[in-house]
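Letter by letter, the chains look like this.
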Amino acid sequence: MSRSRTERNEVDSAVVLSALGSKYSAEILCAAGTPKSAQALSEDIEIPIATCYRRIEELVDAGLLTCEGRQLSEEGRRTNIYRRTLDEIEIDFSDDEPSFSRKHRTEAKNRLQDQLED
């Protein structure tokens, strides 16, 4: 059975709040402004790789991080590359349920940032 829009929004709010409330999630989102592997994110913010993978999974499930593709690691293994899907999020707690306002990253901004990084 399909959920109503209100039920989906409540689930989405709970998932987003849970993901943002986890330790290291904000750091991962900040570090993922450019495409990075889990290993690179782990090294950049100095957290254990297993923790990094758990946070990445939570952030992907919440729609805050996306897998942009795969690339070869230095060891020659295929690894997923992640980038955040937004630049800003505002949470409003003034109603019965939290609501979100998100400023999504555009593909044009991603391409421009990628060019500046090279």
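Presented here is an overview of the structure given in this document. (Residues numbered from 1 in each chain as written. Predicted model: local features only at pLDDT ≥ 70, side-chain atom pairs only at ≥ 80, totals over all residues. Heavy atoms only, no water.)

For the protein chain, the count of helices and strands is five helices and five strands. Overall, the protein chain shows an N-to-C arrangement of helices and strands of α-α-β-α-α-β-β-β-β-α. Looking at the 118 residues of the protein chain, the share that counts as buried comes to 31%. A separation of at least 24 residues holds for 46% of the contacts in the protein chain among residues at least 6 apart in sequence. Within the structure as shown, the protein chain displays about 7900 Å² of accessible surface, and the carbon and sulfur contribution to it stands at 46%. (Helix = DSSP H or I, 4+ residues; strand = E, 2+ residues; numbered from the N terminus. Buried < 20%, exposed > 50% of the residue type's maximum accessible area, 1.4 Å probe, protein only. Contact = heavy atoms within 4.5 Å. Areas by Shrake-Rupley, 256 points an atom, 1.4 Å probe, with all protein chains shown as cover.)

Another aspect to go through is the pattern of salt bridges. One pass over the structure, following the stated rule, counts four salt bridges. Notably, a salt bridge pairs Arg55 with Glu58, separated by 3.7 Å at the nearest N-O pair. Pair noted here: Arg55 and Glu58 are both in helix α4 (residues 49–61), with a separation of three residues, about one helical turn. Residue Arg55 is classed as buried on the basis of its relative accessible area of 15%. With a closest N to O distance of 3.4 Å, Arg84 and Asp87 form a salt bridge. On the accessibility criterion, Arg84 (17% relative accessible area) is buried. A relative accessible area of 26% places Asp87 in the partly exposed class. (Salt bridge = Lys/Arg side-chain N within 4 Å of Asp/Glu carboxyl O.)

Relative to the elements of secondary structure, Glu43 occurs in helix α3 (residues 38–45). Taking relative accessible area as the criterion, Glu43 reaches 51% and is therefore assigned exposed. Within the structure, the side chain of Glu43 is placed 2.9 Å from the side chain of Gln39, a separation counted as a polar contact. (Polar contact = N/O pair within 3.5 Å; in protein donor to acceptor, adjacent residues only side chain to side chain.)

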